[in-house]
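A structural walkthrough
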Protein chains: 2
Amino acid sequence: MSGLLFVLSGPSGVGKSTLRKEVMKRCPTLKYSVSCTTRPPRRDEEEGVDYYFIDMKTFEQMKERGEFIEWAKVHGNYYGTPRRPVEEWLKEGFDVILEIDVQGAKQVKENYPEGIFIFIAPPSLGVLEERIRRRSSDPENEILLRMTNAHLEMQSIRDYNYLVINDVLEEAVDKLRSIIVAEKCRIR
Amino acid sequence: MSGLLFVLSGPSGVGKSTLRKEVMKRCPTLKYSVSCTTRPPRRDEEEGVDYYFIDMKTFEQMKERGEFIEWAKVHGNYYGTPRRPVEEWLKEGFDVILEIDVQGAKQVKENYPEGIFIFIAPPSLGVLEERIRRRSSDPENEILLRMTNAHLEMQSIRDYNYLVINDVLEEAVDKLRSIIVAEKCRIR
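Residues numbered from 1 in each chain as written. Chains lettered and ligands numbered in written order. Predicted model: local features only at pLDDT ≥ 70, side-chain atom pairs only at ≥ 80, totals over all residues.

1. A closer look at the relation of the copies chain B and chain A
If you rotate chain B by 180° and push it 0.0 Å along the axis, it lands on chain A with an RMSD of 0.0 Å. The transformation just described matches what one would write down for a two-fold rotation axis. It is B:Ser178 whose C-alpha, among those of chain B, lies nearest the rotation axis, at 2.1 Å. Most of the interface of chain B is mirrored in chain A: 100% of its interface residues are interface residues there too. (Least-squares fit on C-alpha atoms with pLDDT ≥ 70 in both. Contact = placed C-beta atoms within 7 Å.)

In structure tokens:
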């Protein structure tokens, strides 16, 4: 029996990381596939835990060799999910969670249509903007770019199986965990 | 926006009632549609809470008038779900849970294919038999009939959306609640 692939996506700044970490505490058998990125680590990020921080050249070589399930260039940086661990875990029957941007989720859906796609949305675009401004010291034009992207990304909600609004963290975590538990009871 | 219809079904003796009551404590907005039956109340059952206990003639009149979403004769007794409260709640946007036998669930599926059908199964038929013998003082031939029916009913699992095995009560309740929470996040 093959494992289930859960794909967590949504606009930048919506809180995917926090949600994913909290849900993993509650579903300890869930495997998380650490992504590669060319962007520099944030203060609280750890190599091999949050991301594999690699340089542009290494990323491009891996990309050429088809070693990513999905990759995307987001706000000038590359992000990609290595293929091998995901495929091995699924084959061994483990459930896997990916935490990726909306472009990346689209690519995963082409290759894994049986995946379970969960869109994380902010309560409103206004709230998202506040969160982004609070978290980052990005210049104004970057923030505007993120907001434009978020607006566009919200239109792809209908391609997803589930929508979780990240308003009260504890409630959003409970919804995510419920989706995972329910999907494991689903008759396919 | 219309509410969701959750249909809890499975063999007699599997613990549908207990599960349904426990899940309702955790989902207080869920509406339960009390069924009608012609069988006499068990010691712990309350009129209008567990069932409406009605006589054969009243049942047959209601049946003729199409006042049941589903009805079934199970082990010599009639059971039926009154149509009106269910349809009104759904229209008002409330989620509704039904707790019915496998024959009844089949009828509901014909009329409400968009319902969410959850099969409650025992860990094994042997465990089910033990539970039935512990609970009832039915004669041997009744118990054998129930077991034959249970065996047949288990074959219809593939017509359901979810399977919950009622082994450890607390875990089964958590799965049921998760299915309800997840379905409310599902994009339709």
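2. Quick look at the interface of chain B and chain A
With 16 residues of chain B in contact, the opposing surface of chain A contributes 16 residues. For the side of chain B that touches chain A, the elements supplying multiple residues, two or more each, are β9 (162–165) and α7 (169–185) of chain B. The dominant element in the side of chain B that touches chain A, judged by the number of residues it contributes, is α7(B), at seven residues. (Helix = DSSP H or I, 4+ residues; strand = E, 2+ residues; numbered from the N terminus.)

3. Comments concerning the sheet that holds strand β7 (residues 96–99) of chain A
All names here are of chain A. One open sheet holds the five strands; their spatial order is β2-β7-β1-β8-β9, and the pairing between them is parallel. Where the open sheet ends on each side, the last strands, each with one partner, are β2 (31–32) and β9 (162–165). By the bridge criterion, four bridges tie strand β1 (residues 5–9) to strand β8 (residues 116–121) in an arrangement that is parallel. Looking at the pairing, Ser9 lines up with Phe119 of β8. Packed onto the sheet, helix α7 (residues 169–185) meets β1, β8 and β9 and runs at close to 160° relative to β9. (Pairing = 2+ DSSP bridges. Axes fitted to C-alpha atoms, helices over the stretch in contact; angles between N-to-C directions.)

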